[in-house]
Amino acid sequence: MDRKIIEIKDKKEKEKIGRLILDDLKDWFGISESRQMYINESLDKIFLAIFVDDSPAGFLVIKETSKDCVEIFVMGVMKKYHRLGLGKKLIESFENLARTLSFSYAQVKTVKKGTYEEYDRTNDFYRAMAYKELECLPGLWDENNPCQLYIKYLGEK
């Protein structure tokens with residue numbers, strides 16, 4: 001299985017890849033309006049895609065939140081590629097790029113563990129990638145989706 005990560009710059013290609021992956025992940029991204037919002041807001045951000053044998057298999061979009069911190073705005077790997085290390089490769093590429101761009105911290109938001117089984121696996125994944133719980137923001141999204149904020153120290157600039 002040939003794997004490669006490429007930064008996608010073309011907006012139409014970002015939209016195509018984002019839609020393909022998010023439509024495959026409706027257990028996590030079940031609201032079509034939310035999927036469309038992620039796609040639309042990803043067009044002007046740094047967009048990394050992972051390919052398996054020249055087919056898109058996952059992506060990660062980067063959002064600058066301050067001069068010191070960058071966020072995983074949205075990330076997804078097609079279900080058939082879960083647990084094969086593609087998510088880990090995307091995170092490693094993202095963190096290396098963030099360090100190159102002089103960011104000291106990375107953050108990611110997800111639904112708090114214990115809310116939904118799918119998101120419990122997401123929380124476990126980020127913890128395995130050495131992300132630490134910073135705080136829960138129960139009102140950020142809505143009462144059924146308490147936002148868990150994770151952070152990771154990447155090193156000094």
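For the structure, check the block above.
Along each chain, the written sequence defines residue order, and numbers are assigned to residues from 1. Local features are withheld for residues below a pLDDT of 70 in this predicted model, meaning they are given only at 70 or higher, and side-chain atom pairs are given and counted only at 80 or more; totals for whole chains, interfaces and linings count all residues. By convention in this description, side-chain values take in all heavy atoms of the structure and omit both hydrogens and water.

1. Some words on the sheet that holds strand E1 (residues 3-8)
Stage number 1. A strand pair is defined by DSSP finding two or more bridges across the two strands. For the purposes of this entry, the term helix denotes a DSSP run of H or I that reaches at least four residues, the term strand denotes a run of E that reaches at least two, and both are numbered from the N terminus. What the seven strands build is an open sheet, ordered E1-E2-E3-E4-E5-E7-E6; its pairing is mixed. Of all the strands in the sheet, just E1 and strand E6 (132-142) have a single pairing partner and so form its edges. For this sheet, the mean inter-axis angle between neighbouring strands, taken without regard to orientation, is 25°.
Stage number 2. Bridging between strand E5 (residues 105-111) and strand E7 (residues 145-153) involves seven bridges; their strand directions are antiparallel. From the neighbouring strand, Val108 faces E7, where its bridge partner is Tyr150.
Stage number 3. Sitting on the sheet, helix H3 (residues 86-100) is in contact with E1, strand E2 (46-52), strand E3 (55-64), strand E4 (69-77), E5 and E7, with an inclination near 160° to E4. Interaxial angles span 0 to 180 degrees and are taken between N-to-C directions of axes, which are lines fitted to C-alpha atoms, for helices over the stretch in contact. Any two residues whose heavy atoms approach within 4.5 Å at even a single point are treated as in contact.

2. A closer look at the packing of aromatic side chains
Stage number 1. Any two of the Phe, Tyr and Trp rings considered here, Trp counted by its six-membered ring, make a pair once their centres fall within 6.5 Å; the pair's planes then place it as stacked at under 30 degrees, edge-to-face at over 60, or tilted in between. Evaluation of the coordinates by the stated rule reveals eight aromatic pairs.
Stage number 2. Ring centres of Phe47 and Phe59 lie 5.1 Å apart, and the angle between their planes is 10°; on these two criteria the pair is classed as stacked. Taken together, the residues span a long stretch of sequence, with Phe47 in strand E2 and Phe59 in strand E3 at a distance of twelve residues. In this structure, Phe47 and Phe59 share a single accessibility class: buried. Partly exposed residues are those whose accessible area sits between 20% and 50% of the maximum for their type, while under 20% is buried and over 50% is exposed, using a 1.4 Å probe and protein chains only.

3. Some details on the pairing of E7
Stage number 1. As defined by bridge partners, E6 adjoins E7 across six bridges and the pair is classed as antiparallel. The residue bridging Asp142 from the neighbouring strand is Asn145, located in E7.
Stage number 2. Here E6 hands over to E7 after two residues, the two strands then running antiparallel side by side.

4. Examining the pairing of E4
Successive side chains on a regular strand alternate, one facing one side of the sheet and the next facing the other.
Stage number 1. Counting buried positions along E4 gives nine out of nine residues, so the element sits mostly inside the fold.
Stage number 2. Pairing of E3 with E4 involves seven bridges; the strand directions are antiparallel. The residue bridging Leu60 from the neighbouring strand is Met75, located in E4.
Stage number 3. Sheet analysis places E4 next to E5, joined by four bridges and oriented parallel. Note that in E5 the partner of Cys69 across the bridge is Tyr105.
Stage number 4. When the strands point away from the viewer and the connection leading from the first strand across the helix to the second strand turns clockwise, the crossover is called right-handed. Where the polypeptide runs from E4 across H3 and back to E5, its parallel neighbour, the crossover connection is right-handed.

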